[in-house]
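# Close look at the chain arrangement
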Amino acid sequence: DTAVSQTPKYLVTQMGNDKSIKCEQNLGHDTMYWYKQDSKKFLKIMFSYNNKELIINETVPNRFSPKSPDKAHLNLHINSLELGDSAVYFCASKMGGSSQFFGPGTRLTVL
Amino acid sequence: QQQVKQSPQSLIVQKGGISIINCAYENTAFDYFPWYQQFPGKGPALLIAIRPDVSEKKEGRFTISFNKSAKQFSLHIMDSQPGDSATYFCAATPAGAGNMLTFGGGTRLMVKP
């Protein structure tokens, strides 16, 4: 009954590959997010998305793209993976002016 | 440019003591200030949040103090317990613009029994 779920929990892949991380929320929220947490635990916003608007943090490389098949899902697709992409990626969601709820995270390791 | 600065980076407190974590922000457009608690291997979980129209908010052992003129806010954990040992993040977000959170650098709290 996890409110925000992510798959997979761990992802190990080679440089240059393309991979996707899936996120689903069953809270009926209207806005979803992707955050990146680096090895020093620093959390940084990547994207904000609802059914009307995608907001991209200007520092995110265009190899990263969010894809939303429906209101409850926001997947993260990454092309041409690089070593520096290794991090923990968190999905989050919220409704209106409420606080954001985070998923359990996906640890991505690029070899 | 780090828009939310958090201190200290790490904190050790004895059981029963008070843990205090401070944050300072630069963007005057910020109007919502949550604190998140993160345990190893888990996602951040909302602990308590405040808007700038109040100077203090208390929920159980957790209190946020907010100083709008100084652009500072802090988290106080009263009667700290070993189970409070975690990493704490302050954050801020402006109204609109997707309400994207800007996080502080985090504070690793250890409460010794």
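This text gives an overview of the structure that appears in the document. Because the structure is a prediction, the values reported are computed rather than measured. (Residues numbered from 1 in each chain as written. Chains lettered and ligands numbered in written order. Predicted model: local features only at pLDDT ≥ 70, side-chain atom pairs only at ≥ 80, totals over all residues. Heavy atoms only, no water.)

### Some points on the pattern of salt bridges
All chains considered together, the criterion is met by 4 salt bridges over all chains. In this structure, Asp85(A) engages Arg63(A) in a salt bridge whose closest nitrogen and oxygen atoms are separated by 2.8 Å. Of this pair, Asp85(A) sits in the loop between strand E8 (73-78) and strand E9 (87-94) while Arg63(A) sits in the loop between strand E6 (54-56) and strand E7 (64-70); the two residues are 22 residues apart in sequence, bridging distant segments of the chain. The pair Asp85(A) / Arg63(A) is uniform in exposure class, with both members buried. Its salt-bridge partner being Lys57(B), residue Glu59(B) comes within 3.7 Å of it at the nearest N-O pair. In this structure Glu59(B) comes out as partly exposed when scored by relative accessible area, which is 37%. Within the structure, one salt-bridge network assembled from shared partners comprises Arg63(A), Glu82(A) and Asp85(A). (Salt bridge = Lys/Arg side-chain N within 4 Å of Asp/Glu carboxyl O. Helix = DSSP H or I, 4+ residues; strand = E, 2+ residues; numbered from the N terminus. Buried < 20%, exposed > 50% of the residue type's maximum accessible area, 1.4 Å probe, protein only.)

### Overview of the state of the cysteines
The final tally for this structure, using the stated rule, is 2 disulfides over all chains. The disulfide that involves Cys23(A) links it to Cys91(A), with 1.9 Å between the sulfurs. In this structure, the disulfide formed by Cys23(A) and Cys91(A) twists by about -75 degrees around the S-S bond and is classed as left-handed. Within this pair, whereas Cys23(A) is found in strand E3 (residues 19-25), its partner Cys91(A) is found in strand E9, the two being separated by 68 residues in sequence. Each member of the pair, Cys23(A) as well as Cys91(A), is classed as buried. In this model Cys23(B) forms its disulfide with Cys90(B); the gap between the sulfur atoms is 1.9 Å. Across the S-S bond of Cys23(B) and Cys90(B) the torsion is about -95 degrees, and the bridge reads as left-handed. With Cys23(B) in strand E3 (residues 19-25) and Cys90(B) in strand E9 (residues 86-94), this pair connects stretches of sequence that are 67 residues apart. Neither Cys23(B) nor Cys90(B) differs from the other in exposure class; each is buried. (Disulfide = S-S within 2.5 Å.)

### Points about the interface of chain B and chain A
Accessible area lost upon the coming together of the parts serves often as the stated size of an interface. Counting residues at the interface gives 21 residues for chain B and 20 residues for chain A. Contact between chain B and chain A buries roughly 1,600 Å² in total, counting both sides, with carbon and sulfur atoms accounting for 58%. Run the count over chain B and chain A and you get 0 salt bridges. Counting across the chain B and chain A interface gives 4 residue pairs in polar contact (both at pLDDT 80 or more). Sorting the residues of the side of chain B that touches chain A by element identifies strand E4 (30-38) and strand E5 (45-50) of chain B as the ones contributing at least two each. The dominant element in the side of chain B that touches chain A, judged by the number of residues it contributes, is E4(B), at 3 residues. Its residues assigned to classes, the side of chain B that touches chain A comprises 10 nonpolar, 8 polar and 3 charged. (Contact = heavy atoms within 4.5 Å. Buried area = accessible area lost by both parts, 1.4 Å probe. Polar contact = N/O pair within 3.5 Å; in protein donor to acceptor, adjacent residues only side chain to side chain. Nonpolar A, V, L, I, M, F, W, Y, C, P; charged D, E, K, R; others polar.)

### Considering the environment of Leu11(A)
Residue and element names in this part refer to chain A. On the secondary structure map, Leu11 appears in strand E2 (residues 10-13). Its relative accessible area of 12% is what places Leu11 among the buried residues. Residues Leu11 and Thr109, spaced 98 residues apart in sequence, show a C-alpha to C-alpha distance of 6.2 Å. If we skip the residues at most four places from it in the chain, Leu11 touches Lys19, Ser20, Ile21, Thr106, Arg107, Leu108 and Thr109.

### Quick word on a nonpolar patch on the surface
Nonpolar side chains collect at one region of the surface, where Ile18(B), Ile20(B) and Met78(B) lie side by side and expose about 240 Å² of accessible area between them. Considering the arrangement of structural elements, one finds Ile20(B) in strand E3. (Patch = residues over 30% accessible without salt bridge, like charges linked within 9 Å, V, L, I, M, F, W, Y side chains within 5 Å. Areas by Shrake-Rupley, 256 points an atom, 1.4 Å probe, with all protein chains shown as cover.)

### Considerations on the sheet that holds E3(B)
Residue and element names in this part refer to chain B. With respect to topology, 5 strands assemble into an open sheet ordered E1-E3-E8-E7-E6, the strand pairing being antiparallel. At either margin of the open sheet sits one strand with a lone partner, and together these are strand E1 (4-7) and strand E6 (56-59). Each adjacent strand pair in this sheet contributes to an overall mean axis angle of 15 degrees, direction not counted. (Pairing = 2+ DSSP bridges. Axes fitted to C-alpha atoms, helices over the stretch in contact; angles between N-to-C directions.)

Structural measurements only, silent on function.
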